[in-house]
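# Chains, contacts and geometry: an overview
If you want the building blocks of each chain, they are given just below.
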There are 2 protein chains.
Amino acid sequence: MSNDDHASSPAGAQAPAAVRAESGDCRWRDVPLMAYKDEGSAPFRDVSRQVLFDDTRLGCELRYFEVAPGGHSTLERHEHVHAVMILRGAGRCLVGDRVYAVAERDLVAVPPLAWHQFRADAHAPLGFLCLVNQERDRPQLPAADDLAALRRVAEVAAFIRTGDDNDA
Amino acid sequence: MSNDDHASSPAGAQAPAAVRAESGDCRWRDVPLMAYKDEGSAPFRDVSRQVLFDDTRLGCELRYFEVAPGGHSTLERHEHVHAVMILRGAGRCLVGDRVYAVAERDLVAVPPLAWHQFRADAHAPLGFLCLVNQERDRPQLPAADDLAALRRVAEVAAFIRTGDDNDA
């Protein structure tokens, strides 16, 4: 949708415009397309990030991540929880020790310290909203013994992408 | 999407299932369809509510509201902010002293104490995600002088629905 004049936002210039239209293709007016993480800081492939809402008065932040076809987010865990809604496309995700197929509008809850990873299907992107507390800990990457434990479940072993030679 | 076995959720029986599939028509597995508000407590028409995430560790709650074709939410304001994404259909919303057309995936930010109301188009529902801080004040309804002030803007006067005879 198009709303061309955002100048009269009652909260003033520092507040976001009242309405920020989706400009198509899951991009939004006034929302920059950002790198998912610093290249080389963790294994991932073809993921972008947009911060949709980060008003401190909300207590949380709403981000939109999009994994390109064939790509994947980082396999990681942390104390903070994720609340996810798939917005676009299809794929699979690991939560804990299970792999789930997900598609548009499905909800995913990632509990504290649950290993998780999102993968887009080979021929579709996987775009999802991800809600987090504004106060949160940094993600942890799996150590060798964590990976060994994860790989005890055959489905998980075949699913995870860690950037190393043991990826199925 | 369908995931039939939610029994092994690692966080146990009291946590939501890791994945709650959309079962079609913006209804979700294990998410009850609720009344928007108590009937008679405030003016509204044909609105339903579903709470998608309310884990206290998030700091916020994510709800899904759906306004049926021709319906409207309550004209109200409060200190807490709303962060909204349109998920389905089309309509218009008042934020402050302006009316905006909105459609799927558009973002709406409602600042503190901004009067706001959502109306679905005549022939489409308007479904939207609404994010709020888990600690929040109760909505205020407009008094006569608030309505008089709102109606000084012709577009707003024509838009608002208050349940009284002055609705355009």
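Residues numbered from 1 in each chain as written. Chains lettered and ligands numbered in written order. Predicted model: local features only at pLDDT ≥ 70, side-chain atom pairs only at ≥ 80, totals over all residues.

A few words now on the overall build of chain A. Regarding its fold elements, chain A presents two helices and 11 strands. Reading chain A from its N end, one meets helices and strands in the order β-β-β-β-β-β-β-β-β-β-β-α-α. Against the globule reference of 15 Å for 168 residues, chain A gives a C-alpha radius of gyration of 17 Å, in line with a compact fold. Overall, chain A is about 60 × 35 × 30 Å in size when its C-alpha atoms are taken along their principal axes. Long-range contacts, defined here as pairs at least 24 residues apart, represent 60% of the contacts in chain A between residues at least 6 apart. (Helix = DSSP H or I, 4+ residues; strand = E, 2+ residues; numbered from the N terminus. Rg over C-alpha atoms; globule rule 2.2 N^0.38 Å. Contact = placed C-beta atoms within 7 Å.)

Facing 42 residues of chain A, the contacting portion of chain B comprises 42 residues. For the side of chain A that touches chain B, the secondary structure elements donating two or more residues are β1 (19-20), β5 (45-53), β6 (60-72), β7 (82-95), β8 (98-103), β9 (107-110) and β11 (126-133) of chain A. Considering each element in turn, the side of chain A that touches chain B owes the most residues, five residues, to β8 of chain A. When its residues are assigned to classes, the side of chain A that touches chain B shows 28 nonpolar, six polar and eight charged. (Nonpolar A, V, L, I, M, F, W, Y, C, P; charged D, E, K, R; others polar.)

Residues and elements named next belong to chain B. Relative to strand β5 (residues 45-53), strand β4 (residues 34-35) is paired through two bridges, and the arrangement is antiparallel. Across the sheet, residue alanine 35 finds its bridge partner in β5, namely serine 48. Remark: six residues form the turn of the hairpin made by β5 and strand β6 (residues 60-72), two consecutive strands paired antiparallel; glycine 59 in that turn has positive phi of roughly 85°. (Pairing = 2+ DSSP bridges.)

Turning our attention to the environment of alanine 68 of chain B. Residue and element names in this part refer to chain B. By the secondary structure assignment, alanine 68 is in strand β6. Between the alpha carbons of alanine 68 and leucine 107 there is a distance of 20 Å; along the sequence they are 39 residues apart. Other than its neighbours up to four places away in sequence, alanine 68 contacts Asp46, Ala120 and Pro125.

All names here are of chain A. One can find valine 156 in helix α2 (residues 154-159). Along the backbone, valine 156 and arginine 105 are 51 residues apart, and their C-alpha atoms lie at a distance of 24 Å. When residues no more than four places from it in sequence are discounted, the contact partners of valine 156 are Leu94, Asp97, Val99, Leu150 and Arg151.

Let us now look at the nonpolar core. Val108 and Leu131 of chain A together with Val108 and Leu131 of chain B are the most contacted members of the largest nonpolar core, which has 78 residues in total. Not counting the four nearest positions on each side in its chain, valine 108 of chain B is found in contact with Ala18 and Val19 of chain A together with Val84, Cys93, Val95 and Val102 of chain B. (Core = buried A, V, L, I, M, F, W, Y, C linked by C-beta atoms within 7 Å. Buried ≥ 20, exposed ≤ 12 C-beta atoms within 10 Å, placed from the backbone.)

Mapping chain A onto chain B calls for a rotation angle of 180° and an axial translation of 0.0 Å; the resulting RMSD is 0.0 Å. The operation mapping one copy onto its partner corresponds to a two-fold rotation axis. Minimal C-alpha distance to the rotation axis in chain A is attained by glycine 59 of chain A, lying at 2.5 Å. Most of the interface of chain A is mirrored in chain B, where 100% of its interface residues again form contacts. (Least-squares fit on C-alpha atoms with pLDDT ≥ 70 in both.)

Turning next to unusual backbone geometry. Phi at leucine 113 of chain A takes a positive value of approximately 60°, unusual for a residue other than glycine. Examined against the element boundaries, leucine 113 of chain A turns out to sit in the loop between β9 and β10 (116-120).

Here we come to the pairing of β5 of chain A. Relative to β6 of chain A, β5 of chain A runs antiparallel, the two sharing seven bridges. When the sheet's bridge partners are listed, arginine 45 of chain A is paired in β6 of chain A with histidine 72 of chain A.

Time to look at the confidence of the model for chain A. Residue and element names in this part refer to chain A. Mean pLDDT over chain A: 91, with 90% of residues reaching 70 or higher. Contacts from residues 1-13, a stretch scored under 50 in pLDDT, to residues over four places away or in other chains number 20 contacts. The ipTM value of the predicted complex is 0.90, and its pTM value is 0.91. (pLDDT = per-residue confidence, 0-100.)

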